[in-house]
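Residue strings, one per chain:
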Amino acid sequence: KPEHVTWEDVSDILRRAHADNRSQGMNMALPNAPADEIRQRVERLGSMLVAMDEDKPVGVIGLLIIRETKKKIWCVHGGKIGYVNLLGVLPEYSGRGIATQLFRAVDDLARQQGMDKILGDTDVRNKSAIRLLKKMDYKVVDYICREDHESVYILKWLDGCPFSWWRIKYHYIKSRREELKKKHK
């Protein structure tokens, strides 16, 4: 993150970028977090990348280092794992490829830091995010029911996916069934 970009700038980009998602009832907990909470999380666990239009910050993405996930995910174990989150692009800059550039920068940073996988999650209703992530070679690998929404975990292997598409699909469907069964008990 450039020194002149404040955490309030980052928080404002996230809030504005996710306003439409919130209006559609999607859970956007971190993009709504106060600037200081975002700063603490990023400084403790990783890096914040910022897309600039001259001197104006127009997009952000966080790359955190994690050791394990709260939910055991069948294909996430061992190694140094990146967790991508806090993605936002100002609405007036949407559709210009900025999110794609941010994800490419995250890939480069993750490789530099010795990571072999990047994990993320999003609300199942966030179709535009899922489409973008698939375009960037992320695979939808797991499903989780939270108290107030359902999410998918997405994963990118930086050296190429070691699994066939049908194995990934099988595990995703299996996890979705298990999560929905738990939810409806």
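Residues numbered from 1 in each chain as written. Predicted model: local features only at pLDDT ≥ 70, side-chain atom pairs only at ≥ 80, totals over all residues. Heavy atoms only, no water.

Chemist: Looking at this model, I keep getting lost on the overall build of the protein. Mind explaining?
Modeler: Summing up its helical and strand segments, the protein has six helices and six strands in all. What you see in the protein, going N to C, is helices and strands ordered as α-α-α-β-β-β-α-β-α-β-β-α. Its C-alpha atoms give the protein a radius of gyration of 16 Å, within 12% of the compact-globule value 16 Å for 185 residues. Structurally, the protein occupies a C-alpha span of about 45 × 35 × 30 Å along its principal axes. (Helix = DSSP H or I, 4+ residues; strand = E, 2+ residues; numbered from the N terminus. Rg over C-alpha atoms; globule rule 2.2 N^0.38 Å.)

Chemist: So what exactly am I meant to see when it comes to the side chain of Asp 107 here?
Modeler: With respect to the element layout, Asp 107 can be found in helix α4 (residues 98-112). According to the relative accessible area criterion, Asp 107 is buried, its value standing at 7%. Sequence-distant contacts of Asp 107, defined by excluding residues within four places in its chain, comprise Ile 118, Tyr 138, Lys 156 and Leu 158. (Buried < 20%, exposed > 50% of the residue type's maximum accessible area, 1.4 Å probe, protein only. Contact = heavy atoms within 4.5 Å.)

Chemist: Mind showing me how you'd approach the nonpolar core here?
Modeler: In a soluble, globular protein the nonpolar side chains are often hidden away together inside. If you look at the biggest cluster of nonpolar residues, it comprises 60 residues, and the most contacted ones within it are Ile 38, Met 48, Leu 119 and Val 141. Looking at this core, the element that brings in the most residues is α4, giving seven residues. (Core = buried A, V, L, I, M, F, W, Y, C linked by side-chain atoms within 4.5 Å.)

Chemist: How should I be thinking about the pairing of strand β3 (residues 81-89) in this particular structure?
Modeler: Consecutive residues of a regular strand have side chains that alternate between opposite faces of the sheet. Among the nine residues that make up β3, eight are buried, leaving the element largely enclosed by the rest of the structure. Here seven bridges tie strand β2 (residues 56-66) to β3, and the two strands are oriented antiparallel to one another. Paired with Val 60 across the bridge in β3 is Gly 88. Pairing analysis gives three bridges linking β3 to strand β4 (residues 117-123), with the strands arranged parallel. Its bridge partner being in β4, Gly 82 is matched across the sheet by Ile 118. A crossover links β3 with its parallel partner β4, the connecting element being α4, and its sense is right-handed. (Pairing = 2+ DSSP bridges. Right-handed = clockwise from strand over helix to strand, strands pointing away.)

Chemist: Help me understand the sheet that holds β3, please; the structure alone is not making it clear to me.
Modeler: Strand pairing within a sheet occurs via backbone hydrogen bonds; the two strands may be parallel or antiparallel. Taking strand neighbours across the sheet as the criterion, the six strands line up as β1-β2-β3-β4-β6-β5 in an open arrangement whose pairing is mixed. At either margin of the open sheet sits one strand with a lone partner, and together these are β1 (46-53) and β5 (139-145). With strand direction ignored, the average angle separating the axes of adjacent strands in the sheet is 25°. Of the strands in this sheet, β1, β2, β3, β4 and β6 (150-157) touch α4, which is tilted by about 35° from β2. (Axes fitted to C-alpha atoms, helices over the stretch in contact; angles between N-to-C directions.)

Chemist: Looking at this structure, how should I read the packing of α4 against helix α5 (residues 127-135)?
Modeler: When two helices pack together, their arrangement is given by the angle between the helix axes and the distance between those axes. Running from N to C, α4 and α5 point in directions that differ by 50°, and their axes come no closer than 11 Å. In terms of orientation, α4 and α5 fall into the oblique class. Here the hand of the crossing between α4 and α5 comes out right-handed. Contacts between α4 and α5 involve Ala 99, Thr 100 and Phe 103 on the former and, on the latter, Leu 132, Leu 133 and Lys 135. Counted by class, the contact of α4 with α5 contains four nonpolar, one polar and one charged residues. (Parallel < 35°, antiparallel > 145°, perpendicular 65-115°, else oblique. Left-handed = near helix turned anticlockwise from the far one by under 90°. Nonpolar A, V, L, I, M, F, W, Y, C, P; charged D, E, K, R; others polar.)

None of the figures reported here should be taken as evidence of function without further support.
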